[in-house]
Amino acid sequence: MKNNSIKYTYIFSFFLLIGLTGCDDMLEAELPINELSSEVVYASDPTAEATINGIYQSMVTNTYYNSLHTILGQTADELILKTLLSNVYTTNEMIETDNSAGAMWTDFYKTIYNANNSIKGISESKTLTPAKTKLWIAEAKFLRAYSYFYLTNLWGDVPLILTTNIDETSIAPRNTQTEIYNQIILDLKDAETDLPIDYLGYSSLRVRATKAAAQALLSRVYLYLGNWTEASNYATLVINDTSNYKIITGLTSTNNPFIADNKEAILQIPYFNVTYTYEGGALFTSAGTYMLRNGNTLFETGDARKTNWTGTTVAADGQTYTIPRKYKNAYTTTPVERSTILRLGELYLIRAEARVKLNNITGAQEDINVIRNRALLGNTTLTDSDQLLALIALERQRELFAENGHRWFDLKRTGKIDEVLGTTSGKIWASTDSLFPIPETARRSNPFLGQNLGYN
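Caption draft 1: Structural view of the overall build of the protein. For the protein, the count of helices and strands is 21 helices and six strands. In summary, the protein has a C-alpha radius of gyration of 22 Å against a globular reference of 23 Å for 456 residues, a match within 12%. C-alpha atoms of the protein, sized along the principal axes, occupy 65 × 50 × 45 Å. A total of 456 residues make up the protein; the buried ones form 57% of that total. Roughly 18000 Å² of accessible area belongs to the protein as shown, and the carbon and sulfur atoms make up 52% of that amount.

So, in structure tokens, the structure goes:
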């Protein structure tokens, strides 16, 4: 798979360029357009699969391995800079010309565009292997759903693009978040049907979507929508797949959920030609560019997550702070890590929360204890629903810190964001800050987008 991805990277680049720039001279600098017609690309299994690999490779960008961790961590109450200097993220004063936020919008829509292109080309081909056709379309739908999950949770109402027709997409209005979520669920259920149950067809590498990836994301989506039964049911499907997934115990630097192809990983980003992650090599370094705002008080005594997933640094004020160090591979070859976007630990916490809401207190305790025991902490004895929900929120902070924006989204979906960020030091908070501004570049290209409340 890796060799095919590298060999056919130019195909992905072709689609990316025609979809987002339409610049003929750029195309011709790589390969003449007549060498890469859709008829040729989707005529054979290797080239068609290369378009799917290209979508995954498009996720090796600053958005997925940096901004989702750091921008969302700062807009929440999670991350601050070692310099202790404020910025538009820590103060929640983001503007529509912010380049990093704009790049996130663009990257998500790049993934969606290329997914749409692959779905169309593969569906219309008459020469591809039928079983593989179903698999590739399922993967493209999963990746489209994953991108829309972030788009709608960051910006609210966004254009729902299911075509590659530039005449339509360039003037597409914003769809409601309900419409976006309906499409996400539809795509994920379609994907669940046709994705494989294991990674054997992917050379045992956990870098492409399986049935469990669709189920895990469905569990998260239903949690966000308050559908506790479905959130619990989909989490259970993955948790019960013990032949493929198992919670890691005995956390060490060589035994953790961020090691490549570990049993807790459901989906990891496929880095190509490297054996390190950006997170470990340049982002969350031992020097500590970013610090956990509440890191010194977040963990209980003896918590293995603090021992193994954090470090310390001395900040500009001379005080010692806790820093995130989940990824440790700084340009070395062992252990090989990968940016992890779905993992089993989250699903235990999703099911615990859903079970409390469903008044299954014993089941919720069991799920919480799986996470606590893995961290070398004792079982909870709490039985009150509100106290259990507070503990789950705390365990989510401890388990999912500096990962993929979880804290930012948790504050929003639980209705705690005004209460927490309105009293957080250094914040200039307004309720409208819970949605990011629609990027100025996108609005300039499409006059039908409009802007979120609270922004000019």
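Caption draft 2: Summary view of the side chain of glutamate 395. Inspection of the secondary structure puts glutamate 395 in helix α18 (residues 385-400). Take glutamate 395: its relative accessible area is 0%, and that puts it in the buried class. At 2.9 Å, the side chain of glutamate 395 forms a polar contact with the side chain of arginine 398. When neighbours within four sequence positions are excluded, glutamate 395 is seen to be in contact with Arg305, Leu349, Ile371 and Arg372.

Caption draft 3: Quick look at the pairing of strand β4 (residues 310-314). Bridge count for β4 against strand β5 (residues 320-324) is five bridges, and the pairing is antiparallel. From the neighbouring strand, glycine 311 faces β5, where its bridge partner is isoleucine 323. If you look at the hairpin formed by β4 and β5, you'll find five residues sitting between the two strands, and glycine 318 has a positive phi there, around 85°.

Caption draft 4: Local environment of the nonpolar core. With 94 residues, the main nonpolar core has Phe142, Trp155, Ile266 and Trp408 as its most contacted residues. Top element by residues in this core is helix α8 (residues 130-155). It accounts for 15 residues. Apart from the residues within four sequence positions on either side, phenylalanine 142 is in contact with Leu188, Ala191, Ala209, Ala213, Ala214, Leu217, Leu267 and Leu342. Formed by 16 residues, the second largest nonpolar core is a distinct cluster that contains Leu251, Phe258, Leu283 and Tyr290.

Caption draft 5: Expanded view of helix α11 (residues 211-225). Its 15 residues give α11 an end-to-end C-alpha distance of 21 Å, which sits within 8% of 21 Å, the value for a rise of 1.5 Å per residue. By the criterion of burial, α11 is predominantly enclosed, with 13 of the 15 residues buried. Within two residues after α11, glycine 226 carries a phi angle of roughly 75°, on the positive side.

Conventions adopted
Residues numbered from 1 in each chain as written. Predicted model: local features only at pLDDT ≥ 70, side-chain atom pairs only at ≥ 80, totals over all residues. Heavy atoms only, no water. Helix = DSSP H or I, 4+ residues; strand = E, 2+ residues; numbered from the N terminus. Rg over C-alpha atoms; globule rule 2.2 N^0.38 Å. Buried < 20%, exposed > 50% of the residue type's maximum accessible area, 1.4 Å probe, protein only. Areas by Shrake-Rupley, 256 points an atom, 1.4 Å probe, with all protein chains shown as cover. Polar contact = N/O pair within 3.5 Å; in protein donor to acceptor, adjacent residues only side chain to side chain. Contact = heavy atoms within 4.5 Å. Pairing = 2+ DSSP bridges. Core = buried A, V, L, I, M, F, W, Y, C linked by side-chain atoms within 4.5 Å. Expected span 1.5 Å × (residues − 1).

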